[in-house]
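Next come the chains, spelled out residue by residue.
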Amino acid sequence: MDIIKIFDTTLRDGEQSPGVSLIPEEKLAIAQQLARMKVDVIEAGFPIASNGDFQSVKLIADNVRTVEIAGLARCNVKDIDRAWEALKGGENPRLHIFLATSPIHMKYKLKMTEEEVLERAVESVKYCSRYTSNIEFSAEDASRSEREFLYRLFEAVIKAGARVINIPDTVGYAVPLEFGLLIKDIRENVPNIDQVTLSVHCHNDLGLAVANSLAAIENGARQVEVAVNGIGERAGNTALEEVVMALRTRKDYYNLNISQDTTQIMRLSKMVSKLTGMPVQHNKAIVGKNAFLHESGIHQDGVIKERSTYEIMDAKSIGLEENTLVLGKHSGRHAFREYVKELGYELEEDTFEEVFNRFKELADKKKKLSSVDIEALINNEIYSVEAYYELEYVCVSTGNTVLPTATIKLKKEDQIMQVAACSGDGPIDATFKAINSVIGIDNIKLLSFKIDAITGGTDALGDVVIKLDIDGKTFIGHSAQPDITYASALAYLEAINRYISVSQQ
Ligand code: KIV
Ligand code: ZN
C-alpha cells in the first residue's frame, strides 16, 4: 500500500514567519506534540543560522527519538558540519541540503552557472555521505527552473547518494495542474528517480499550497513538507492539518495511507498558535474556531437529524471532543492527576504540584473548571521561561474618575524591588510602565496585545498574549488568569524574561 510521509517544517520554515521567534524549550514542546501526532519527519531548524537554532536542533535530536529529525544546511562544508554537529545524537537523523536551480536565482543570487550549481550540489551530497546516507536534496525555486537542467541535476545528486529529492515551489508561483505535471515529468525523465522518495514543499502566495501539494501527490510525490496552521515565510507553507485531513477524509479518492494520529491536531494547532503568537483565523479549514460550527437553522436541523448531512469530518477525529468531566474545588489530588493524564500530559512531580496548587486557587474563584481551563493552567506552567524577574504583587486603581495607577513589586533572585506607583492611560498601560521603571529597560515597544476569554461566562480565564519588540527582536509572553490585569503583567514579564534568557545564550 502506498504511504505518504509527512515532513513537518513548523520549527524551521514555520519559524521564518515574520515576528516569530521560539526558544529551544518551546521548540522541544512542539516537537514532542508533533511526535505524539506521529509525523514522519520533523525539520527542527537551520543550525548555522544562530546559536539558538543550533541548540534547538540538538535538544530535539537528543530527546525526540521516535521521529526522524532533520536539520537544514546550504551546500557548503561549514553549514553541513554545523548541521551534523547538532543532529548526530539523534536516531537516524536527516541532513537536508538545498541549492537554487532557477535561472533567476542562479544569475542574481548565487552568481553561478548551471555547471557550477550541478558540481556544487554533487560535491555537497558526497560530503554529507561521510556522516549519513539519510540525505535530502532540495532544488530551491524548482517550479521556476528549466526542466532539462532539473533532470540532469537530479540524476547526478541521486548517483552521489541523495535519498530524497525535494521539489519546492519556493515563491508560491505554481498552479495545481502545472505543478502536478512537473512531478510527472520528473518521474518520467530522471532515469534513477525510482531510487528516491520524491517530495514537495509548497508556499501559499497564491493560496494554492495545499492544492499544489495534493496535485503532486496524485502524480507520484510521496513526501509532503508542511507546517502547522500553514505558518511560514510570507503567506506561509502547506498546512499540515489540511493535507492530513484531505488524505484521510478522501481516502476513497486518493487511496493512500498516512500514519498520523489526527486526534492530536487540535492541541498541536493551539500550542503552535500560542507559542508563536499567531492567531488562527476563525474560518480556517480544520482548526478554525468556526470549522465545525453551524449557524444556519437549516444546517443545524440537518446535523441534528444526521451529522453527515452537513459535516464531512467528525470533530472528534481532530481531537475536538469536549471533555465532559468538570472539576471543582472539592476535586482531590487523585482525581486531578487522572484528569491531567486523560488530557494527554505527563507532568514531572514538582510541575504537577504547582499546577494542582494553581487549580485549587482557581477553583476557589470559579465554580466549575473545564478541560480548557485546566489546559490553560498546565500551559502556564510548562511553557513559562526562567523567571529572572518574578511578580510578587500588582495593585491597580482605576475608574472613570481616577487616574489609573499601578504599584508593582518584583523579585529578582532574593532581592525585592518595588516601585511606588506609576500612572498611565489605562490600568494596563500603568502596569507596564511600573514594570519598566522597576527593571530599568527602556527600549521596549509593545507590538501587539491580545486578550481572549477562555470558555464563556464572566468568570472565564482571561488569556493574554503579548508581543514586545526589544532591541529589534520580537518576544512573546502569555498567561491565563481570572484577573486580566494580573494576566497582562505576567505575560509582559514573561516576554521580558524571554528577552533576558535569549540575551544570555
Ligand atoms: O521554500 C524553499 O525553497 C525552502 C527550501 C529550503 C526547502 O524552504
Ligand atoms: Zn520554504
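Residues numbered from 1 in each chain as written. Chains lettered and ligands numbered in written order. Predicted model: local features only at pLDDT ≥ 70, side-chain atom pairs only at ≥ 80, totals over all residues. Heavy atoms only, no water.

S.K.: So what about the coordination of the zinc ion (ligand 2)? Which residues, and what values?
M.R.: Distances from the zinc ion (ligand 2) to its protein donors, namely Asp13 (OD), His201 (NE2) and His203 (NE2), fall within the range 2.0 to 2.1 Å. Positions of the donor residues of the zinc ion (ligand 2), expressed as sequence spacing, correspond to D-x187-H-x1-H. Taken as a pair, Asp13 in the loop between strand 1 (5–8) and helix 1 (24–36) and His203 in the loop between strand 7 (197–202) and helix 8 (209–218) lie far apart in primary sequence, 190 residues in all. Both residues of the pair, Asp13 and His203, belong to the buried class. (Donors = N, O, S within 2.8 Å, 3.2 Å for Na, K, Ca; no water. Helix = DSSP H or I, 4+ residues; strand = E, 2+ residues; numbered from the N terminus. Buried < 20%, exposed > 50% of the residue type's maximum accessible area, 1.4 Å probe, protein only.)

S.K.: Could you give an account of the domain arrangement of the chain, naming the residues involved and the relevant values?
M.R.: According to the domain assignment, the chain contains domain 1 (2–276), domain 2 (333–382) and domain 3 (390–503). Between the C-alpha centres of domain 2 and domain 3 there is a distance of 24 Å. Taken residue by residue, the interface counts nine residues in domain 2 and nine residues in domain 3. Between domain 2 and domain 3, roughly 720 Å² of surface is buried when both sides are summed, and carbon and sulfur atoms account for 61% of that area. Counting across the domain 2 and domain 3 interface gives zero residue pairs in polar contact (both at pLDDT 80 or more). (Domains from an automatic or database assignment. Contact = heavy atoms within 4.5 Å. Buried area = accessible area lost by both parts, 1.4 Å probe. Polar contact = N/O pair within 3.5 Å; in protein donor to acceptor, adjacent residues only side chain to side chain.)

S.K.: Go over the pattern of salt bridges, please, and point to the residues and values.
M.R.: In the structure shown here, the tally under the stated rule is 36 salt bridges. Residues Arg74 and Asp79 are paired through a salt bridge, measuring 2.9 Å at the closest nitrogen-oxygen approach. Of the residues examined, Arg74 reaches a relative accessible area of 39% and is grouped as partly exposed. Note that Lys341 and Glu338 form a salt bridge whose closest N and O atoms lie 4.0 Å from each other. With a gap of three residues between them, Lys341 and Glu338 both fall in helix 13 (residues 333–342), about one helical turn apart. (Salt bridge = Lys/Arg side-chain N within 4 Å of Asp/Glu carboxyl O.)

S.K.: Lay out a nonpolar patch on the surface with the relevant residues and their values.
M.R.: A cluster of nonpolar side chains, contributed by Leu446, Phe449, Ile451 and Ile484, occupies part of the molecular surface with about 330 Å² of accessible area. Tracing the chain through its elements places Ile484 in helix 17 (residues 484–503). (Patch = residues over 30% accessible without salt bridge, like charges linked within 9 Å, V, L, I, M, F, W, Y side chains within 5 Å. Areas by Shrake-Rupley, 256 points an atom, 1.4 Å probe, with all protein chains shown as cover.)

S.K.: Let's hear about the packing of aromatic side chains: which residues, and what values?
M.R.: What characterises a pair of aromatic rings is the spacing of the ring centres plus the angle enclosed by the ring planes. Using the criterion set out here, one finds twelve aromatic pairs in the structure. The interplanar angle of 90° and the centroid separation of 6.0 Å between the aromatic rings of Tyr127 and Tyr131 together place this pair among those described as edge-to-face. Their ring planes at 10° and their centres at 6.2 Å tell us that Phe352 and Phe356 sit as a pair that is stacked. Placement of both Phe352 and Phe356 in helix 14 (residues 349–365) is noted, with a separation of four residues, approximately one turn of the helix. Across this residue pair, the class does not change: Phe352 and Phe356 are buried. Connected via pairs of aromatic rings, a cluster forms that spans Phe336, Phe352, Phe356 and Phe359. Sitting above the plane of the Phe54 ring, Arg82 keeps its charged end 3.7 Å from the centroid. (Phe/Tyr/Trp six-rings, centres within 6.5 Å; stacked < 30°, edge-to-face > 60°. Lys NZ or Arg CZ within 6 Å of the ring centre and 35° of its normal.)

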